[in-house]
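Chains, contacts and geometry: an overview
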Amino acid sequence: MKIINFGSLNLDEIYKVEHICASGETLRVLEFQRSIGGKGLNQSIAAARAGASVLHAGKIGKEGVCLQSFLAENGVDVSMIQLCDEPQGRAIIQLTPQADNCIFVYGGSNRAVDILFIDECLSHAQPGDWLMTQNEISNLPYLLNAAARRKMHIFLNASPVDAELARMNLSCVDWITVNETECCQLTGCTDTMTAYEALRARLPHTGILLTLGADGSICWKDGHEYRQDAFPVAAVDTTAAGDTFAGYFVSCLTEGSSIQDALRTASKAAAIAVSNPGAAPSIPWRNTVDLT
Ligand code: RIB
């Protein structure tokens, strides 16, 4: 059983600022750093560092070759990463001393994922394989339906939420993960727990993972609810915490862990990730997670 992660790859630019920039404000940057990221790439790194066999499918521009190399160095199969003529996808991240962030994403090459490419990549899938994905690539509805036709397990990180995703029929998704903001955006509710109830009602056959930052996480699957406290850490950068959680959770399920054990391991991995700077580079290896 393998994981095919159809996902974005981004060059991240991280600007450390005193506070998130307000409308009309010009703000001095305290520190600047380039890093490797993209929700898709981060999920692949997390699943691979957790021990899973991962094939990453996606598109890069000319400047993105370093992203492909980074995945390969981490044991990810990169044979389904294609070079295209679009500029490399990238993200601008504002990071505060309190470890809050604010991200905007330029899709670029990640939005060049077309249905022919999806069909080609999924021709490598067997029934029972896992599709991981998120909402930074183009043609997501086609991808989800094509994976469902192939009887893959489908895991969607519903990030970033936009109007199209909020309207999308997600009934073929086996697992969906959201944070508090995304849960509210997807359902149109303003209160997190009301939004969680609404998502459960809307997707009765889908496993739901709701991450609550320092308040831990909740999982709903087949009529059972599971809860996991967060592991207390001094957070320096919350970027990629959700991606780490997602990659570790899926990896644990593919190795046969119970949902409760998968939640615990994923939460621990995410806690380690937030105590280190950057996106993909902050994601821990399995031996570090198991020994912590
Ligand atoms: O989830 C974190 C990621 O979101 C960053 O690495 C950035 O590239 C954006 O995709």
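Now for a look at the structure at hand. If you're wondering where the values come from, they're calculated on a predicted model, not measured in any experiment.

The next subject is the site of the ligand. Surrounding the ligand, one finds 13 residues, the nearest of these being Asp12, Gly38, Lys39, Glu136 and Asp243. One of the side-chain N or O atoms of Asn42 is found 3.2 Å from an oxygen atom in the ligand. Surface burial for the ligand is 97%, taken as the share of its 280 Å² of free accessible area covered by protein chains. Counting only elements with at least two residues in the shell around the ligand, the list comes to strand 2 (10–16) and helix 1 (39–50). Looking at the shell around the ligand residue by residue, the classes come out as 4 nonpolar, 5 polar and 4 charged.

Attention shifts here to the sheet that holds strand 13 (residues 224–228). The strand order 5-4-1-8-9-10-11-12-13 describes an open sheet built from 9 strands, whose pairing is mixed. Looking at which strands have only one partner, the edges of the open sheet turn out to be strand 5 (77–83) and strand 13. Recorded for the sheet is a direction-independent mean angle of 15° between the axes of neighbouring strands. Here 4 bridges tie strand 1 (residues 3–6) to strand 8 (residues 130–134), and the two strands are oriented parallel to one another. Residue pairing for strand 8: Ile4 is matched across the bridge by Leu131. Contacting strand 1, strand 4 (54–60), strand 8 and strand 9 (153–157), helix 1 crosses the sheet at an angle of about 160° to strand 4. Along the sheet, helix 6 (residues 180–187) contacts strand 10 (175–179) and strand 11 (207–211); its crossing angle with strand 10, the most-contacted strand, is approximately 110°.

On to the pairing of strand 4. Taken residue by residue, a regular strand's side chains alternate between the two faces of the sheet. Buried residues dominate strand 4, accounting for 7 of its 7 residues. Going residue by residue along strand 4, you find Val54, His56, Gly58 and Ile60 tucked away on one face and Leu55, Ala57 and Lys59 tucked away on the opposite face as well. Where strand 4 meets strand 5, 5 bridges bridge the pair, whose relative direction is parallel. What sits directly across from Gly58, in strand 5, is Ile81. Viewed along the sheet, the connection from strand 4 through helix 2 (residues 65–73) into strand 5 turns out right-handed.

Here the focus is the pattern of salt bridges. Scanning all chains against the criterion turns up 9 salt bridges. Among the salt bridges present, the one from Arg90 reaches Glu13, with a minimum N-O distance of 3.9 Å. With a gap of 77 residues between them, Arg90 in strand 6 (residues 90–95) and Glu13 in strand 2 connect regions that are remote in the sequence. Judged by relative accessible area, Arg90 falls into the partly exposed class, the value being 23%. According to the relative accessible area criterion, Glu13 is buried, its value standing at 13%. Across the pair Arg286 and Asp290 runs a salt bridge whose closest N-O atoms are separated by 3.2 Å. Remark: Asp290 and Arg286 occur in helix 10 (residues 286–291); sequence separation between them is 4 residues, near one turn of the helix. Classification of Arg286 by relative accessible area gives buried; the value is 17%.

Quick look at the nonpolar core now. Membership of the largest hydrophobic core comes to 43 residues, with the highest contact counts inside it found for Leu41, Leu71, Phe155, Trp175, Leu209, Tyr248 and Phe249. Sorting the residues of this core by element identifies helix 1, strand 4, helix 2, strand 5, strand 8, helix 8 (241–254) and helix 9 (259–274) as the ones contributing at least two each. Judged by nonpolar contacts, the second largest core, of 42 residues, contains Ile4, Met80, Leu122 and Val161.

Glancing now at the environment of Ala146. Here Ala146 is to be found in helix 4 (residues 140–149). Classification of Ala146 as buried rests on a relative accessible area of 2%. Linking Ala146 and Leu203, residues 57 residues apart in sequence, is a C-alpha distance of 19 Å. When residues no more than four places from it in sequence are discounted, the contact partners of Ala146 are Ile118 and Leu122.

Attention now goes to the sheet that holds strand 3 (residues 31–37). Here 4 strands make up an open sheet; going across it, the order is 3-2-6-7 and the pairing mixed. Since the sheet does not close on itself, it has two edges, and those belong to strand 3 and strand 7 (101–106), each with one partner. Pairs of neighbouring strands in the sheet enclose a mean axial angle of 20°, with direction left out of account. Bridge analysis of strand 6 against strand 7 gives 6 bridges, and the strand direction is antiparallel. Bridging across to strand 7, Ile93 finds its partner in Ile103.

What counts, and where the lines are drawn
Residues numbered from 1 in each chain as written. Predicted model: local features only at pLDDT ≥ 70, side-chain atom pairs only at ≥ 80, totals over all residues. Heavy atoms only, no water. Near = heavy atom within 4 Å. Polar contact = N/O pair within 3.5 Å; in protein donor to acceptor, adjacent residues only side chain to side chain. Areas by Shrake-Rupley, 256 points an atom, 1.4 Å probe, with all protein chains shown as cover. Helix = DSSP H or I, 4+ residues; strand = E, 2+ residues; numbered from the N terminus. Nonpolar A, V, L, I, M, F, W, Y, C, P; charged D, E, K, R; others polar. Pairing = 2+ DSSP bridges. Axes fitted to C-alpha atoms, helices over the stretch in contact; angles between N-to-C directions. Contact = heavy atoms within 4.5 Å. Buried < 20%, exposed > 50% of the residue type's maximum accessible area, 1.4 Å probe, protein only. Right-handed = clockwise from strand over helix to strand, strands pointing away. Salt bridge = Lys/Arg side-chain N within 4 Å of Asp/Glu carboxyl O. Core = buried A, V, L, I, M, F, W, Y, C linked by side-chain atoms within 4.5 Å.

Spatial relationships are all this shows, so hold off on functional conclusions.
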